[in-house]
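# Report on the structure
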Amino acid sequence: MVGLFVRLKLRLLAGSLKGTSQQRFGFVFSLIAGLVVAVAGFYLMAGLRTLDPSMAADVGVVFFFAILVMWVVGPLLMFGLDDTLDPARLALFPLTTGQLTRGLLASSAVGIWPVASLFAMTGVIFGLARSVTGALIGVVAVPVAFACCLVVSRLVTTALSGALRTRRGRDLMAVAVILLVVGSQLPGMLLNQGIGNGLEIITQTAGVLRWSPTGLAAHAIADGGLVGVAEVVAVALFTAVCAWLWIVALKAALTRADSSSQGGGSVRRSRFGGLLPEGVLGAVVAKELKYARRDPRGRVTWVSALAVVIIMIFSTRNNTGGEPIIWMGVFPVWLGGLVVSLQATNSFGIDGRALWINAVVYAKPAALRADLAGRHLAITLLGAPLLCFAAVVTGVLTKPEWIVPAALTGVGVMGLVFAVGSFTSVYVAYTQPERINAFTGAAPGQGGQAFLSSIGSLVGGAVLSLPVLIPVMAGHVWVSVLMPVLGFGLAWLARAKASVIGLRRMPELMADVSRPT
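Residues numbered from 1 in each chain as written. Predicted model: local features only at pLDDT ≥ 70, side-chain atom pairs only at ≥ 80, totals over all residues. Heavy atoms only, no water.

A tally of helices and strands in the chain yields 21 helices and zero strands. Going through the 517 residues of the chain one by one, you find that 47% of them count as buried. Within the chain, counting contacts between residues at least 6 apart in sequence, those at least 24 apart form 83% of the total. As presented, the chain carries roughly 24100 Å² of accessible surface, and 72% of it is formed by carbon and sulfur atoms. (Helix = DSSP H or I, 4+ residues; strand = E, 2+ residues; numbered from the N terminus. Buried < 20%, exposed > 50% of the residue type's maximum accessible area, 1.4 Å probe, protein only. Contact = heavy atoms within 4.5 Å. Areas by Shrake-Rupley, 256 points an atom, 1.4 Å probe, with all protein chains shown as cover.)

Encoded structure:
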């Protein structure tokens, strides 16, 4: 049964090369990225041999713990995108719990990123082992630590699978991950504020993390001898206990009723419906505002944008030790505008199969242009106040006279991303699965399309803003008045052209946003 699961996983990977050009691009990109991470991680960890033994051990401990965290958080973000992560998808198969456990564990170790992480972890053997016994212990400790990552990852995903299928559970998960991301930036913000130094933070952090499961494995390689053997045994015992808990959680998940479809909801009319324009534009704005309020993926985007702005504000504040400079007041809001407007890069994906209703009604490009305009207007109605508030905060922390230029720059760059997003929405559209974690971006096989759409719009909007942003950063703040004109002017032109293309490509567009998930 283990071999069957492994072959199925390999067939899925091979199938990425036989799909569309976007699927092949996504596979090749993941392969290249995984190769870079594997080689860079191995080289950096092997290079720890040049450091002091105690400092090398501290860095290795932090690295191993970071690998464990990524293995725990990563599958939660992929929940719904990888069907094998949800036990409910496997409930009808005539397999025992033991067969499922062994098969799922083996399939978890197959893939680009599992191999990349294992290869990077292997570099610790060369960087931390200072004796023959340490190297021999490392040969055992690295696979044990890797198995610990796999088992803990599956345990957490299986235990939370019921909650992740509900909207409230996905909301909580989204907030938890955002807090985790913000917390990971805390050391950098402390360093920028002159609180402590890097070596002290690494030493103090490693002093705590060395008692984590993977931290013990890394420290075992540096310790060597009987102490190292005892630490590896402790990690193995912890992994065995987690495996038993995973089996228990898997049994419960396979027999538990799916709570994501239980209970009903109520339809509530918008309180501000009378303020919206008539026709397609007003209807689309009302729908998008409702999505932002009710859909976890919509809410998490706004929270993510706010988190990015907060991190940038405190990361750039007073790190020069002197007078604040213009980029401290403008750059965080400009970056927040880019992040907020990324929702427009796949405008039709959230509609899914329901897009056919629009397809049979939109007989002219003007209707599709109004649809795109409504989506952009809804993002602007929510994003512009957020960016203006961020501009006020940065202005108070830097110089008040930079509030208006920052707000104009942040709101204006939204229009530039709208312009690029109008074309990515009709050329590189992808399916957004319904019952997924708020962070999952696309249906299986469309990861490359999601990456190309998001990164392309982000880079495109940033590049288009440079003619205005560079003079503003140079101190000519009055030029910021041109950013909204440039942004929303290009967005208007882009919608006019994209609506013609989108109406012509409506069958392909429907197929792209209606993939099975």
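That was the structure; now back to the text.
Now for the state of the cysteines. Per the stated rule, a full pass over the model turns up zero disulfides. Free of any disulfide, C148 has its nearest cysteine sulfur in C149, 5.8 Å distant. Judged by relative accessible area, which is 0%, C148 ranks as buried. (Disulfide = S-S within 2.5 Å.)

This part takes up the pattern of salt bridges. Evaluation of the coordinates by the stated rule reveals four salt bridges. A salt bridge links E288 to K287; the nearest nitrogen and oxygen atoms lie 3.7 Å apart. Here E288 makes a salt bridge to R375, at a shortest N to O gap of 3.1 Å. Of this pair, E288 sits in helix α13 (residues 279–294) while R375 is found in helix α17 (residues 365–397), placing the two residues 87 residues apart along the sequence. Exposure class is identical for E288 and R375. Each is buried. (Salt bridge = Lys/Arg side-chain N within 4 Å of Asp/Glu carboxyl O.)

This next bit is on the packing of helix α15 (residues 326–341) against helix α18 (residues 403–427). Between two packed helices, both the angle of their axes relative to each other and the distance between the axes serve to describe the pair. Contact geometry for α15 and α18: axes closest at 8 Å, N-to-C directions at 30°. Relative to α18, the element α15 is oriented roughly parallel. Relative to α18, α15 is oriented so that their crossing is right-handed. For the pair formed by α15 and α18, the contact residues are G329, V330, V333, W334, G337, L338, V340 and S341 on the first element and A406, T409, G410, V413, M414, V417 and F418 on the second. (Axes fitted to C-alpha atoms, helices over the stretch in contact; angles between N-to-C directions. Parallel < 35°, antiparallel > 145°, perpendicular 65-115°, else oblique. Left-handed = near helix turned anticlockwise from the far one by under 90°.)

Let us look at the confidence of the model for the chain. Here the chain shows a mean pLDDT of 79. Residues at 70 or above account for 77%. Element-level pLDDT for the chain is lowest in helix α9 (residues 186–192), with a mean of 55, against a maximum mean of 93 in helix α20 (residues 482–504). The model gives residues 79–83 a pLDDT under 50, and that stretch makes 19 contacts with residues more than four places away or in other chains. Within the model, pLDDT remains below 50 along residues 260–269, and this stretch shows seven contacts once partners closer than five positions in the same chain are excluded. (pLDDT = per-residue confidence, 0-100.)

Turning next to the packing of aromatic side chains. Counted under the stated rule, the structure contains seven aromatic pairs. Relative to F119, the ring of F42 has its centre 4.9 Å away and its plane inclined at 25°; by these criteria the two rings are stacked. Here F42 is found in helix α2 (residues 21–46), whereas its partner F119 is found in helix α5 (residues 112–128), with 77 residues between them in sequence. The class of F42 is partly exposed, set by a relative accessible area of 22%. Centroid distance W71 to F146: 6.0 Å. Interplanar angle 85°. Geometry classified as edge-to-face. Remark: F146 occurs in helix α6 (residues 132–159) and W71 occurs in helix α3 (residues 53–77); sequence separation between them is 75 residues. Here a set of aromatic residues connected by ring pairs shows up, and it is made of F42, F119 and F126. Between R210 and the ring centre of W211, over which it is positioned, the NZ or CZ distance is 4.4 Å. (Phe/Tyr/Trp six-rings, centres within 6.5 Å; stacked < 30°, edge-to-face > 60°. Lys NZ or Arg CZ within 6 Å of the ring centre and 35° of its normal.)

Okay, a nonpolar patch on the surface next. Taken together, the side chains of F25, F29, F451, L452, I455, V459, V463, L466 and I470 make up a nonpolar region of the molecular surface, amounting to roughly 740 Å² of accessible area. Only α2 and α19 (447–473) provide two or more residues apiece to the nonpolar patch. Broken down by element, the residue count for the nonpolar patch peaks at seven residues, all from α19. Inspection of the secondary structure assignment puts F29 in helix α2. (Patch = residues over 30% accessible without salt bridge, like charges linked within 9 Å, V, L, I, M, F, W, Y side chains within 5 Å.)

Formed by 44 residues in total, the largest nonpolar core has its most connected members in F63, F64, M121, V124, L128 and I221. If one sorts the elements of this core by residue count, α6 sits on top with twelve residues. When neighbours within four sequence positions are excluded, L128 is seen to be in contact with L48, A56, A57, G60, A218, I221 and A222. Judged by nonpolar contacts, the second largest core, of 31 residues, contains I326, A390, V413 and F418. (Core = buried A, V, L, I, M, F, W, Y, C linked by side-chain atoms within 4.5 Å.)

Axis separation between helix α11 (residues 213–223) and helix α12 (residues 225–255) bottoms out at 8 Å; the angle between their running directions is 160°. Compared by their axis directions, α11 and α12 come out roughly antiparallel. Where α11 crosses over α12, the handedness of that crossing is left-handed. Only G225, V227, G228, E231, V232, A234, V235 and F238 of α12 make contact with α11, whose side of the interface consists of P213, L216, A217, H219, A220 and D223. Here the residues of the contact of α11 with α12 are counted per class, giving nine nonpolar, three polar and two charged. (Nonpolar A, V, L, I, M, F, W, Y, C, P; charged D, E, K, R; others polar.)

Let us now look at α5. An α-helix turns once every 3.6 residues. As a result, residues three or four positions apart point the same way. The first and last C-alpha atoms of α5 sit 25 Å apart over 17 residues, in line with the 24 Å expected at 1.5 Å per residue. When we look at burial in α5, the residues that qualify are I112, P114, A116, S117, A120, M121, G123, V124, I125, G127 and L128. (Expected span 1.5 Å × (residues − 1).)

This part covers the side chain of T424. Secondary-structure assignment places T424 in helix α18. When its relative accessible area of 10% is taken as the criterion, T424 is described as buried. A distance of 2.8 Å separates the side chain of T424 from the backbone oxygen of T345, its partner in a polar contact. If sequence neighbours within four positions are ignored, T424 has contacts with T345, A429, S453 and S457. (Polar contact = N/O pair within 3.5 Å; in protein donor to acceptor, adjacent residues only side chain to side chain.)

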